[in-house]
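Read off the chains here:
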Amino acid sequence: MSPDPIKDQMELKKLNNENKQLEKDIKQIEKSRWYKIAKVLAWPSKLFKPSKEIAAYKEAYKQALEENEALKQEVAQLQIEHPEVDQAINYKELKQTGQTLAVTENLLEQKQRIDGQYNEAMNKLARSYHNEKKPFRRELYQTMIDHLNVEEIPEYIIRYANLDRNVDLSRMSSFTALLNLQASRSQQQRNPIEMQLDDKMGAYKLADMLRLNRPWTSPVYIGFETVPEQYPTVIKPTEGAGSRGVYLAMEPNQIINIKTGELLNNWQQLSQSINEDLSRGYVLKDEWYMEELVEENGESTTDYKFYTFYGEVALILEITRVPEVKYCWWSKDGKRVSLAKYDDRLYKGKGFSQEIIDIVETISQEIPIPFMRIDFMKSEEDYIFNEFTPYPGNYDEFDRETDRKLGQYYLNAETRIKADLLKGKEFNIFHQWNYELATSEEDQDG
């Protein structure tokens, strides 16, 4: 039978409490008036014998200490089997000894078992209210919807909520879950649309058709060693996310790693850093291109990333990168918002114009996809299109409430797309772009 770390942890806590009580009882007896008198007078044992109660307590205390120590040893061995036993897992050692997969499987098994127990208990509680009056059922069902993952909510609660609109199903929306499902669907397609938009050259082709200002770009270079050394420029991988593998080559002794903010002093250091990006999997393909460096008042531009849901901007992330990477979150109406993401690297921000909001929402309505992050840079004169980002880096790190709100934006966008398609909206520019991409790929294959 496999050990149960939660049970052992509870048993350890119980023994610790018993030890404390034993220590307290022994001290109380030893402080008693008769015990002190006997100790001072040191009478012969035949006149005064130590209390059997004291001896029993001391024996029990000794045994409890031994059991306590044995259980501590067992818990120490189980520290990797359950994260609540001990958070201090030596991940580096696990990787070096090749145990990572086995430990991961063990953790997942423990999690599934515990989750199953909790879900079964909550399911029984919810079913016990099946015949209760509506206010009681509503409160209980809503509490479960608010706190369970979407796949954990029982069918009968959904069925009830469809009949009682006072139970809010929007609370189970999840931006993370919806993007994960979108990625799963895309994987089944040969050339999913969002991945074609994620391709920098494909994105610029659509930007040109939409008549957006964008930077000049070079041809694609296969292998970084073929990229010519020139300044100032931006070096980007053809496939990447979260600014991984992007470098600002301002001048020979000033090359900035956009992701980390690290300053490199020459082209050789840049080559070494790019090799590390490739070896660590930060960049998947050794394919690169150069892009015009857009500056704002002689400095590196400010980036604006618009979380857009088919014609509606929900959230804006402003980023400055020099002298260090800083972030500012905005609502559509220009109010700063506080989110759990990047809380340790926030700054006041500069803000944005209503005009760019209108432009971004118009672009989004030309793309029949529920979510697309549309990224711009701010030059001295204007906003410059940068890229489309279907899967923002670390999109799973939003706090629960923001994840829910963005998830609802996604679902509402899906509803609007379906309505527009039923009304006959043709998305002419988008379809022309898609046709030209497909034709170009066929020519390359042929």
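Sequence order sets the numbering: in each chain, residues are counted from 1 along the sequence as written. Side-chain atom pairs in this predicted model are given and counted only at pLDDT of 80 or more, local residue features only at pLDDT of at least 70, and totals for whole chains, interfaces and linings cover all residues. In computing side-chain properties, one takes all heavy atoms of the structure into account and sets aside hydrogens as well as water.

For the purposes of this entry, the term helix denotes a DSSP run of H or I that reaches at least four residues, the term strand denotes a run of E that reaches at least two, and both are numbered from the N terminus. Helix and strand counts for the protein stand at 14 helices and 13 strands. Three exposure classes are used, based on accessible area relative to the maximum for each residue type with a 1.4 Å probe and protein chains only: buried under 20%, partly exposed in between, and exposed over 50%. Of all 446 residues assigned to the protein, the portion counted as buried reaches 39%. Counting only carbon and sulfur atoms, one obtains 50% of the accessible surface of the protein, whose full area is about 26600 Å². Reported accessibility uses the Shrake-Rupley method at a 1.4 Å probe radius. Residues are deemed covered only where the shown protein chains occlude them.

Turning our eyes to something else, we now look at helix H5 (residues 100-127). Given the number of residues in a helix, its expected span is that number minus one, multiplied by 1.5 Å. Look at H5: 40 Å from first C-alpha to last across 28 residues, which is about the 40 Å you get at 1.5 Å a residue. All buried positions along H5 are accounted for by Val103, Gln110, Ile114 and Ala126.

Once that is clear, we can look at the packing of aromatic side chains. Each pair of aromatic rings taken from Phe, Tyr and Trp, with Trp reduced to its six-membered ring, is defined by centres within 6.5 Å and is described as stacked if the planes are under 30 degrees apart, edge-to-face if over 60, and tilted in the remaining cases. Scanning the model with the defined rule gives 26 aromatic pairs in all. Between Tyr307 and Phe398, the ring centres sit 5.9 Å apart and the planes meet at 80°, which makes this aromatic pair edge-to-face. With Tyr307 in strand S9 (residues 302-308) and Phe398 in the loop between strand S13 (383-389) and helix H13 (400-422), the pair connects residues that are 91 residues apart, well separated along the chain. Per residue, the accessibility class of Tyr307 equals that of Phe398, and both read buried. Put simply, the rings of Phe175, Tyr307, Phe309, Tyr327, Trp329, Tyr342, Phe371, Tyr391, Tyr395, Phe398 and Tyr409 touch in pairs and so form one group of aromatic residues. Lysine NZ or arginine CZ positioned within 6 Å of the ring centre and within 35 degrees of the ring normal marks a charge as sitting over the ring. Residue placement shows Lys341 over the ring face of Phe398; its charged tip is 4.7 Å from the ring centre. Positioned above the aromatic ring of Tyr383, the side-chain terminus of Lys378 is 5.4 Å from the ring centre.

Moving on to the side chain of Gln110. As for its position among the elements, Gln110 is in helix H5. What makes Gln110 buried here is its relative accessible area of 9%. There is a polar contact of 2.8 Å between the side chain of Gln110 and the side chain of Arg113. Nitrogen and oxygen atoms within 3.5 Å of one another constitute a polar contact, given that in protein one can donate a hydrogen and the other can accept it, and given that sequence-neighbouring residues count only through two side-chain atoms.

Attention now goes to the sheet that holds S9. A pair of strands is labelled paired if DSSP reports no fewer than 2 bridges between them. As summarised here, the arrangement of the five strands in space is S11-S10-S9-S12-S13, forming an open sheet in which the pairing is antiparallel. Edge positions in the sheet fall to strand S11 (326-330) and S13, since each has one partner strand and no second. Averaged over all adjacent pairs, the angle separating strand axes in this sheet is 20°, with direction ignored. Here S9 runs beside strand S12 (residues 372-378); their pairing, made up of seven bridges, is antiparallel. Its bridge partner being in S12, Phe306 is matched across the sheet by Ile374. To get an axis, a line is fitted to the C-alpha atoms, and for a helix only the part in contact is used. The angle between two axes follows their N-to-C directions and goes from 0 to 180 degrees.

It is worth spelling out the packing of helix H6 (residues 134-147) against helix H7 (residues 155-163) at this point. In contact at an axis separation of 11 Å, H6 and H7 are set at 125° when each is read in the N-to-C sense. Relative to H7, H6 is oriented oblique. Relative to H7, the crossing made by H6 is left-handed. On the side of H6, the interface is formed by Lys134, Arg137, Arg138, Tyr141, Met144 and Ile145, while H7 contributes Tyr156, Ile157 and Tyr160. In these notes the angle categories are as follows: under 35 degrees is roughly parallel, over 145 is roughly antiparallel, 65 to 115 is roughly perpendicular, and the rest is oblique. Crossing handedness: left-handed means the near helix sits turned counterclockwise from the far one by under a right angle, and right-handed means the same turn made clockwise. The contact rule is simple, with two residues in contact once any of their heavy atoms fall within 4.5 Å.

Within this analysis, patches are made of residues with over 30% relative accessible area and no salt bridge. Like charges are joined at 9 Å or less; nonpolar side chains (Val, Leu, Ile, Met, Phe, Trp, Tyr) at 5 Å or less. Salt bridge criterion: a side-chain nitrogen from Lys or Arg within 4 Å of a carboxyl oxygen from Asp or Glu. Counting rule for charge: Lys and Arg are taken as positive, Asp and Glu as negative, and neither His nor the chain ends is counted. All charge positions are set by atom: Lys at NZ, Arg at CZ, Asp at CG, Glu at CD. On the surface, a cluster of negative charge is contributed by Glu295, Glu355, Asp358, Glu380, Glu381 and Asp382. Structurally, the position occupied by Glu381 is in the loop between S12 and S13. A relative accessible area of 68% places Glu381 in the exposed class.

Now for the sheet that holds strand S1 (residues 221-222). With antiparallel pairing, the six strands of this open sheet are ordered in space as S1-S6-S2-S3-S4-S5. Looking along the sheet, the strands with just one partner apiece sit at the ends: S1 and strand S5 (263-264). For strand S2 (residues 233-237) and strand S6 (residues 287-291), the ladder comprises four bridges, and the chain directions are antiparallel. If you follow Val234 over to S6, its bridge partner there is Glu291. Helix H11 (residues 267-279) rests against S2, strand S3 (247-251), strand S4 (254-257), S5 and S6 of the sheet, and its axis sits at about 180° to S3.

Evaluated as defined, the whole model comprises 17 salt bridges. Measuring nitrogen to oxygen at the nearest pair gives 2.9 Å for the salt bridge that ties Glu361 to Lys332. Of this pair, Glu361 sits in helix H12 (residues 354-364) while Lys332 sits in the loop between S11 and H12, and the two are 29 residues apart along the sequence. We classify Glu361 as buried; its relative accessible area is 13%. Residue Arg373 is joined to Asp375 by a salt bridge in which the shortest nitrogen-to-oxygen separation is 2.8 Å.

Nonpolar core, defined: a set of buried Ala, Val, Leu, Ile, Met, Phe, Trp, Tyr and Cys residues in which side-chain atoms within 4.5 Å join the residues together. If you look at the biggest cluster of nonpolar residues, it comprises 54 residues, and the most contacted ones within it are Leu197, Phe306, Phe309, Phe376, Phe385 and Phe388. Discounting residues that sit within four places of it in the chain, Phe376 has contacts with Thr302, Asp303, Tyr304, Phe306, Ile356, Ile359, Val360, Ile363, Tyr383, Ile384, Phe385 and Asn386. Counting residues in each nonpolar core, the second largest holds 14 residues, with Leu264, Trp267, Trp288 and Met290 among its members.

This part takes up H6. For H6, with 14 residues, the first-to-last C-alpha span of 20 Å sits near the 20 Å given by 1.5 Å per residue. Every buried residue belonging to H6 is among Arg137, Tyr141, Gln142, Met144, Ile145 and Asp146, and all of these are buried. At its buried positions, H6 is contacted by H5, H7 and H13.

So, on to unusual backbone geometry. Cis rather than trans, the peptide bond between Tyr231 and Pro232 has omega equal to -15°. Relative to the helices and strands, Pro232 is located in the loop between S1 and S2. Located in the positive-phi region is Asn394, a residue other than glycine, with phi close to 55°. Its identity is not glycine, yet Phe427 carries a phi of approximately 50°, on the positive side. By the element assignment, Phe427 lies in the loop between H13 and helix H14 (428-445).

Moving on to the packing of helix H8 (residues 175-187) against H13. Put simply, H8 and H13 touch, their axes get as near as 7 Å, and they point 50° apart. Considered as vectors, H8 and H13 are oriented oblique to each other. Contacts between H8 and H13 involve Phe175, Thr176, Leu178, Leu179, Gln182 and Arg185 from the former and Asp403, Leu406, Gly407, Tyr410, Leu411 and Glu414 from the latter. Considered class by class, the residues forming the contact of H8 with H13 number six nonpolar, three polar and three charged. Each residue gets one of three labels, nonpolar for Ala, Val, Leu, Ile, Met, Phe, Trp, Tyr, Cys and Pro, charged for Asp, Glu, Lys and Arg, and polar for the others, Gly among them.

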